[in-house]
Amino acid sequence: MKVQAMVTAFNTIVIREIRRFTRIWPQTLLPPAVTMTLYFIIFGNLIGSRIGEMGGFDYMSFIVPGLIMMAVITSSYANVVSSFFSMKFQRSIEELLVSPVPNWIILAGYVCGGMARGLGIGLIVTLLSLGFTRLEIHNLPMVVLTVFLTSALFALGGFINAMLATKFDDISIVPTFVLTPLTYLGGVFYSISMLPDFWQGVSMINPILYMVNAFRFGILGVSDVNPFVALGMILVFIALLTAISLRMLKRGKGIRH
Amino acid sequence: MTNALEIEGLTKTYGDGFHALKGIDMNVRQGDFFALLGPNGAGKSTTLGIVCSLVNKTGGKVRVFGHDIDTHLSDAKLNLGVVPQEFNFNQFEKVFDIVTTQAGYYGIPLKQARVSAEKYLRKLGLWDKKDTPARMLSGGMKRRLMIARALVHEPKLLILDEPTAGVDIELRRSMWTFLEEMNRQGTTIILTTHYLEEAEALCRNIAIIDHGRILKHTSKRELLQQLHVETFVLDTETTLESAPELEGFPCRLSDEGALEVEVQKGQGLNRVFVQLEQRGIKVVSMRTKANRLEELFIRMVEENAHEASGDVA
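Everything numeric in this text was worked out from a predicted model, so none of it was measured.

1. Looking at the overall build of chain A
- The number of helices and strands found in chain A is eleven helices and two strands.
- Along the chain direction, N to C, the helices and strands of chain A fall in the order α-α-α-β-β-α-α-α-α-α-α-α-α.
- Taking 18 Å as the expected radius of gyration for a compact globule of 257 residues, we find that chain A reaches 19 Å, a close match to that expectation.
- Considered along the principal axes of its C-alpha atoms, chain A spans approximately 60 × 35 × 35 Å.
- In chain A, which comprises 257 residues, the share counted as buried stands at 49%.

Quick look at the structure:
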């Protein structure tokens, strides 16, 4: 396949993905906006005013970066896992399999589709947060880099989940029992310096802690971990999940007999 | 002339140990209208699935217009259009989007994809449904949508896996006309079908597959020459109480009260009519009991089943 044709195929997949999640916006764009607004009101305003400062900032300012990241992670993952599994379920994945699109273009297309939704939601939540607090960006490149890479990483995670899933239950297990607990325990609502030493150590093996803190560093300039170590970890995970995804596609895991 | 499809020693063993293909050799010439026939579970869809990359082969070689699918898969796929047996499009997408998206997967820019999509949707009578979500289409329309989608990148080889299954007679005939036209314009067509009259009407070459092996791979003409006995159904003017004795022609009454007469190859039908005339029986119409290909097909598959059971014993 020629380069220009590959670009066209890539654009086709991405546009198709964007068309899909915007067509069903009440299921994809609205719920995180509502949920995050509730978080801002309840945790930020009502409870936050009694908590006082955290990490040198008022509680609302402290949780905003974490909540934005939480929305990005969840949406990037959900978009790819539900879209790709639906294509498997309806067998419309065969449209792609019979075509000459290389596997890496298929993967890149789906990941970028997931990122489009994740980053779109991130933007919506950021705009909503401006109604509750002032956001002063401490390090813009760090903010952009962290949010893009994290979105890509979880879109890849969603892709692997969709490849392995054989029924609809399988695409909700990881988000419910893995992603949500790791996100809640990943320093979205608190600084791990509040925890006893043992639990601080346990928290350090949670990869989401690094992403939330790198993003928080970009916005507030404070972090529980070294943000550059966090970026390095994200890149390693992206390389690993990309390799796994491409291997699965090559072997046709769950999509070819 | 280049072969559109070359298959050598193709084998497929599924994860559960089932040997779906046991070493298939098959060639389809460029420009051919080719039928791959066989009973359910014979290996037709597995064979075509491997050619289209929907099924991983266990062994053997497949070349599409000379492009080996092991080494030049992308080139092979560019020449292929596929109409699968089951509906495999996103039911929530609009007809036009489904076809243009497929063109995009083949690297066709959107502007050009729209022109091509319109051309084939019009040809297949779906243009007025272009903004309709696919789930709202009738079964026949969905089949035509899959054909339009398969043709949007103008492939040189079109593979159709039971394209007229569940389609009414009128639509089936119009699809035959469309496919014949495509073939006349140079598209090589391979189809599987359970309607053997379809294969007899459309195809020039035929392969019969059963239990993962090719039983016959020849031209339709040669195949039909192997038919030694044909059964004709004769509708008589009056209802008969018993079948007449016809010299040289086994004869019986069918359930509908018509006569069924077996005619050996080379016997000719004139002697049947002369004898019936002598007995005062007037024939008002005549037809073959099954189409010729069907008779051959059933005989071959039964013989193969008999041999297979003999092997086991």
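2. Considering the overall build of chain B
- Looking only at helices and strands, chain B features ten helices and 14 strands.
- Taken over the C-alpha atoms alone, chain B extends approximately 75 × 50 × 40 Å along its principal axes.
- Across the 313 residues that make up chain B, the buried fraction comes to 40%.
- Of the contacts made within chain B by residues no fewer than 6 positions apart, 66% connect residues no fewer than 24 positions apart.

3. With respect to the sheet that holds strand β12 (residues 251-253) of chain B
All names here are of chain B.
- Spatially, the four strands line up as an open sheet ordered β12-β13-β11-β14, and their pairing is antiparallel. Each edge of the sheet is formed by a strand with only one pairing partner; in this case those strands are β12 and β14 (283-288). Ignoring strand direction, the axes of neighbouring strands in this sheet form an average angle of 25°.
- Bridge analysis of β12 against strand β13 (residues 259-264) gives three bridges, and the strand direction is antiparallel. Paired with Arg-252 across the strands is Glu-260, a residue of β13.

4. Focus on the confidence of the model for chain B
All names here are of chain B.
- Across chain B, pLDDT averages 87, with 94% of residues at or above 70.
- At the low end of the mean pLDDT range in chain B sits helix α10 (residues 292-312), at 66; at the high end sits helix α3 (residues 95-105), at 96.
- Interface confidence for the predicted complex, given as ipTM, is 0.85, next to a pTM of 0.83.

5. So, the sheet that holds strand β10 (residues 213-219) of chain B
Residues and elements named next belong to chain B.
- An order of β6-β7-β8-β3-β9-β10 is seen for the six strands of this open sheet, with the pairing classed as mixed. What marks the edges here is a single partner per strand, and that holds for β6 (80-83) and β10. Ignoring strand direction, the axes of neighbouring strands in this sheet form an average angle of 15°.
- Pairing of strand β3 (residues 33-37) with strand β9 (residues 205-210) involves four bridges; the strand directions are parallel. Bridge pairing links Leu-37 to Ile-208 in β9.
- Helix α1 (residues 44-51) rests against β3, β7 (157-161), β8 (188-192) and β9 of the sheet, and its axis sits at about 145° to β7.

6. Re the environment of Thr58(B)
Residues and elements named next belong to chain B.
- Secondary-structure assignment places Thr-58 in the loop between α1 and β4 (59-64).
- Thr-58 gets classed as partly exposed once you count the C-beta atoms within 10 Å, which come to 14.
- With residues near it in sequence (within four places) discarded, Thr-58 still touches Thr-11, Lys-12 and Thr-13.

7. Some details on the interface of chain B and chain A
- Of the residues lining the interface, 26 residues belong to chain B; the matching set on chain A comes to 23 residues.
- Where the side of chain B that touches chain A is concerned, the elements lending two or more residues are α2 (73-78), β6 and α3 of chain B.
- It is α3(B) that contributes the most residues to the side of chain B that touches chain A, four residues altogether.
- Split by residue class, the side of chain B that touches chain A holds 13 nonpolar, eleven polar and two charged.

8. Remarks on the environment of Thr238(B)
- In this structure, Thr238(B) sits in the loop between β11 (229-236) and β12.
- When the C-alpha atoms of Thr238(B) and Ile7(B) are compared, they prove to be 55 Å apart, with 231 residues separating the residues in sequence.

9. Here's the deal with the nonpolar core
- If you look at the biggest cluster of nonpolar residues, it comprises 149 residues, and the most contacted ones within it are Leu67(A), Val111(A), Phe159(A), Val99(B), Ala148(B) and Ile159(B).
- If near-sequence neighbours (up to four positions away) are discounted, Ile159(B) is found in contact with Leu48(B), Val51(B), Cys52(B), Leu80(B), Gly81(B), Val82(B), Val83(B) and Ile190(B).
- Residues Ala258(B), Leu259(B), Val261(B) and Val272(B) belong to the second largest nonpolar core, which totals six residues.

10. Topic: unusual backbone geometry
- For Arg91(A), which is not glycine, the phi torsion reads 65° and is therefore positive.
- Inspection of the secondary structure assignment puts Arg91(A) in the loop between α4 (59-90) and α5 (93-97).
- Even without being a glycine, Glu162(B) presents a positive backbone phi close to 50°.
- Here Glu162(B) shows up in the loop between β7 and α6 (169-184).
- Residue classification places Glu162(B) among the buried residues on the basis of 20 C-beta atoms within 10 Å.

11. Structural notes on the packing of helix α7 (residues 140-164) of chain A against helix α11 (residues 227-251) of chain A
Residue and element names in this part refer to chain A.
- With their axes 9 Å apart at the nearest point, α7 and α11 run at an angle of 30° to one another. On the basis of their axis angle, the class for α7 and α11 is roughly parallel. Here α7 runs over α11; the crossing is left-handed. On the side of α7, the interface is formed by Met-142, Leu-145, Thr-146, Leu-149, Thr-150, Ala-152, Leu-153, Leu-156, Gly-157, Phe-159, Ile-160 and Met-163, while α11 contributes Pro-227, Leu-231, Ile-234, Leu-235, Phe-237, Ile-238, Leu-241, Thr-242, Ile-244, Ser-245 and Met-248.
- Residues of the contact of α7 with α11, tallied by class, amount to 18 nonpolar, five polar and no charged.

About the criteria used
- Residues numbered from 1 in each chain as written.
- Chains lettered and ligands numbered in written order.
- Predicted model: local features only at pLDDT ≥ 70, side-chain atom pairs only at ≥ 80, totals over all residues.
- Helix = DSSP H or I, 4+ residues; strand = E, 2+ residues; numbered from the N terminus.
- Rg over C-alpha atoms; globule rule 2.2 N^0.38 Å.
- Buried ≥ 20, exposed ≤ 12 C-beta atoms within 10 Å, placed from the backbone.
- Contact = placed C-beta atoms within 7 Å.
- Pairing = 2+ DSSP bridges.
- Axes fitted to C-alpha atoms, helices over the stretch in contact; angles between N-to-C directions.
- pLDDT = per-residue confidence, 0-100.
- Nonpolar A, V, L, I, M, F, W, Y, C, P; charged D, E, K, R; others polar.
- Core = buried A, V, L, I, M, F, W, Y, C linked by C-beta atoms within 7 Å.
- Parallel < 35°, antiparallel > 145°, perpendicular 65-115°, else oblique.
- Left-handed = near helix turned anticlockwise from the far one by under 90°.

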